[in-house]
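# Architecture and fold: a report
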Amino acid sequence: MATPFTYDAIPGRVVFGAGSRHQLPDELDRLGAGRVLIVAGEQEDAIAAEIGAGIGDRVVGRFSGVVQHVPVEAAAEAVDLVRSSAADAVLTIGGGSATGFGKAIALEVDVPIVAVPTTYAGSEMTTIWGMTSGDHKQTGRDPTVKPVVVVYDPELTVSLPPAIAGPSGMNALAHSVEALYGPGANPVISVVALESIRSLVAALPAVCRRPDDLDARSDALYGAYLAGVALATGGTALHHKTCHVLGGMFNLNHGDMNAVVLGHAVAYNAPAIPELLERIGRVLGIGGDEVPGALFDLAASIGAPTSLEAIGMPADGLEEAVRRVVVEAAANVRPPEQDGIRQMLDDAFHGKRPA
Ligand code: NAD
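These lines cover the structure that appears in this document, whether it is placed above or below.

Definitions and cut-offs
Residues numbered from 1 in each chain as written. Predicted model: local features only at pLDDT ≥ 70, side-chain atom pairs only at ≥ 80, totals over all residues. Heavy atoms only, no water. Axes fitted to C-alpha atoms, helices over the stretch in contact; angles between N-to-C directions. Helix = DSSP H or I, 4+ residues; strand = E, 2+ residues; numbered from the N terminus. Parallel < 35°, antiparallel > 145°, perpendicular 65-115°, else oblique. Left-handed = near helix turned anticlockwise from the far one by under 90°. Contact = heavy atoms within 4.5 Å. Pairing = 2+ DSSP bridges. Patch = residues over 30% accessible without salt bridge, like charges linked within 9 Å, V, L, I, M, F, W, Y side chains within 5 Å. Areas by Shrake-Rupley, 256 points an atom, 1.4 Å probe, with all protein chains shown as cover. Salt bridge = Lys/Arg side-chain N within 4 Å of Asp/Glu carboxyl O. Buried < 20%, exposed > 50% of the residue type's maximum accessible area, 1.4 Å probe, protein only. Nonpolar A, V, L, I, M, F, W, Y, C, P; charged D, E, K, R; others polar. Near = heavy atom within 4 Å. Polar contact = N/O pair within 3.5 Å; in protein donor to acceptor, adjacent residues only side chain to side chain. Expected span 1.5 Å × (residues − 1).

### Thoughts on the packing of helix 8 (residues 238-250) against helix 9 (residues 254-269)
- Close contact between helix 8 and helix 9 brings their axes to 8 Å; oriented N to C, the two are set at 135°. Here helix 9 runs oblique to helix 8, going by the angle between their axes. Relative to helix 9, the crossing made by helix 8 is right-handed. Each of L238, H239, H240, T242, C243, L246 and G247 in helix 8 lies in contact with helix 9, whose residues at this interface are M257, N258, V261, L262, A265, Y268 and N269.

Here you go:
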C-alpha cells in the first residue's frame, strides 16, 4: 500500500540544455521584461558580458558586488540599484551566492527573478533565502524569492574548475541524500532525489577528470537541478545541520565541508534508514551498507577534501561542535547522541573512511 503523504509542489519554469542561454531573450519577452538588471559577481564577468550582449538594450545595469552569504549591507546596495534603474526583471548569473542576491532583492522589490546557475548549489529551485548580519546568518522561506524562470546551460559550467566543481557536486549530492529522510520527504521527491544521485555519482568523476567533457557537465548540472528540487521540499537533516554548525564556528568552505561530512552523517543515520540505503545502493549498484563508504570514496576520487582537519577545523573545537550539533540536529531521523556524534565528528576530522 502506498504511504499517505502531503505534497505542496513548488512551481517554476525550467529551460535546460547546452546553449539554452540563447533562449534568454525569448524568456524575457514571455515575462514582458524590457528593463533587466544583471546580478553577477566580478569573477563571472566574461559570462555576464556574453549574456548581456545577447539580451541587448534591455540591460539597464549590473550589480557585481556578489559575495558569499549575502551580507545585508551589500544586499541593500543591490536593492537600491534595482529601484534606481527602474528594472522590471533581475537576471542572476553565477553560483548560489549570485542567486542569493536575487532572492534578497525579491524580498524587498516586486520584480521577477530569472536565474542562470553556473554551479551545482541548487538554490534557484528553493524558496529558502539567507542573509548575513555580522557573524549571524539568518534564513527563511518565502515563495516570492524563488526565480520564476531558471535557464540551465551546461556550457556555462565548463569554466568551473575541478576544485570548485567537485565539492559543489558533493553539496548537490548531499541535498538529494538528505531529501530522502528530511522533514519534508515524500515518495515523489524520493524518485527525484534518487535520479539526482544516479546522475551526479555517474558524472562527477568525469567532470573533475575532463573539465571540457560537456556530456558529463550536462549530467552533473541535471543532477544538481534535481537536487535543488529535492532540497526545496525534502529539507535537510544531520548532514546539513552539522555543516551549518561547522561553517558558523570555523568559517569553513561550504562545498568542502559537504564533501567531508556526507559519508559520516549517512553512516551515523544508517541504523535508522536501512531501506533508504538499500534504495540508494540499488541506484549505485552496491549494497545499502556500502553507501557511506562509497560517498567517502567518491569525494576522495574527485580530489575533494576528506578530512575536517585538512580544511582548517581546529582540533580544540571538536567538543563544542559536538555539543552544538546535538542541539541543532535534534529533529534528525536518528536522534543525535553525544557519543555517536563525537565519533562521527572525530572520524570526519581525521579523514577516516566510514565503515
Ligand atoms: P558561490 O556562488 O560563492 O560560487 C563559488 C565560486 O565559484 C565563486 O568563486 C564563483 O565566482 C565561482 N564560479 C561560479 N560559477 C563559475 C563558473 N561557471 N566558472 C568559474 N567559476 C565559477 O558558491 P556556491 O557553492 O555556488 O553557493 C554557495 C552559497 O549558496 C552558500 O552561501 C549557500 O549557503 C548558498 N545556498 C543556498 C541555498 C538555498 O536554497 N538558499 C541552497 C544551496 C546553497
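### Quick look at the sheet that holds strand 1 (residues 13-16)
- Strand order in the open sheet formed by 6 strands is 1-8-5-4-2-3, and the pairing between neighbours is parallel. One side of each edge strand has no neighbouring strand; the edge strands of this open sheet are strand 1 and strand 3 (59-63). Taking each pair of neighbouring strands and ignoring which way they run, the sheet shows an average axis angle of 20°.
- Where strand 1 and strand 8 (residues 149-152) come together, 4 bridges link them in parallel fashion. When the sheet's bridge partners are listed, F16 is paired in strand 8 with Y152.
- Where helix 7 (residues 214-234) meets the sheet, it contacts strand 1 and strand 8, and its direction lies at approximately 170° from that of strand 1.

### With respect to a nonpolar patch on the surface
- A cluster of nonpolar side chains, F5, Y7 and V188, forms an exposed patch at the surface whose accessible area comes to about 250 Å².
- Secondary-structure assignment places F5 in the segment before strand 1.
- F5 sits in the partly exposed class, given a relative accessible area of 44%.

### A word on the packing of helix 5 (residues 162-179) against helix 7
- Where helix 5 contacts helix 7, the two axes come as close as 8 Å, and the packing angle between them is 40°. Between helix 5 and helix 7, the angle is such that the two are oblique. Our pair here, helix 5 against helix 7, has a crossing hand that is left-handed. Note on element contacts: helix 7 touches helix 5 through R217, A224, A227, A230, L231 and G234, opposite A165, A172, H175, S176 and A179.
- Residue classes in the contact of helix 5 with helix 7 are distributed as 7 nonpolar, 3 polar and 1 charged.

### Some points on the site of the ligand
- Around the ligand, a shell composed of 22 residues is seen, among which G96, S97, T118, T119 and T126 lie nearest.
- Measuring from an oxygen atom of the ligand, one finds a side-chain N or O atom of Q68 at 3.1 Å.
- In this structure, a nitrogen atom belonging to the ligand sits 2.9 Å away from a main-chain N or O atom of I128.
- When the ligand is considered free in solution it has 870 Å² of accessible area, and contact with the protein chains removes 83% of it.
- Among the secondary structure elements, those contributing two or more residues to the shell around the ligand are helix 4 (96-108) and helix 5.

### Let's talk about the pattern of salt bridges
- Tallying each qualifying case throughout the model produces 16 salt bridges.
- The salt bridge partner of D153 is R21, with a shortest N-O separation of 2.7 Å. Placement of the pair is D153 in the loop between strand 8 and helix 5 and R21 in the loop between strand 1 and helix 1 (24-31), with a sequence separation of 132 residues.
- Residue classification places D153 among the buried residues on the basis of a relative accessible area of 0%.
- Since its relative accessible area comes to 13%, R21 is described here as buried.
- R342 is the salt-bridge partner of D339, the closest N and O atoms lying 3.3 Å from each other. Placement of both D339 and R342 in helix 13 (residues 338-350) is noted, with a separation of 3 residues, approximately one turn of the helix.

### A short note on helix 4
- Its 13 residues place the ends of helix 4 19 Å apart at the C-alpha level, agreeing with the 18 Å of an ideal helix rising 1.5 Å per residue.
- Burial analysis of helix 4 places 10 of its 13 residues in the buried class, which makes it a mostly covered element.
- Taken residue by residue, helix 4 has S97, A98, T99, G100, F101, G102, K103, A104, I105 and A106 as its buried positions.
- Buried residues along helix 4 sit against strand 2 (36-39), strand 3, helix 3 (72-84), strand 4 (89-94), strand 5 (113-117) and strand 6 (128-133).

### Considering helix 7
- Taking 1.5 Å of rise per residue, 21 residues should cover 30 Å, and helix 7 covers 29 Å from first to last C-alpha, within 8% of that figure.
- Counting buried residues along helix 7, 15 of its 21 residues qualify, which places the element largely inside the surrounding structure.
- Sitting at the amino-terminal end of helix 7 is D213, which places a side-chain oxygen 3.1 Å from the backbone nitrogen of D215.

### Here we look at unusual backbone geometry
- Phi at A86 is positive, roughly 50°, even though this residue is not glycine.
- The topology assignment puts A86 in the loop between helix 3 and strand 4.
- Taking relative accessible area as the criterion, A86 reaches 46% and is therefore assigned partly exposed.
- For N251, which is not glycine, the phi dihedral falls at a positive 50°.
- Among the structural elements, N251 can be located in the loop between helix 8 and helix 9.

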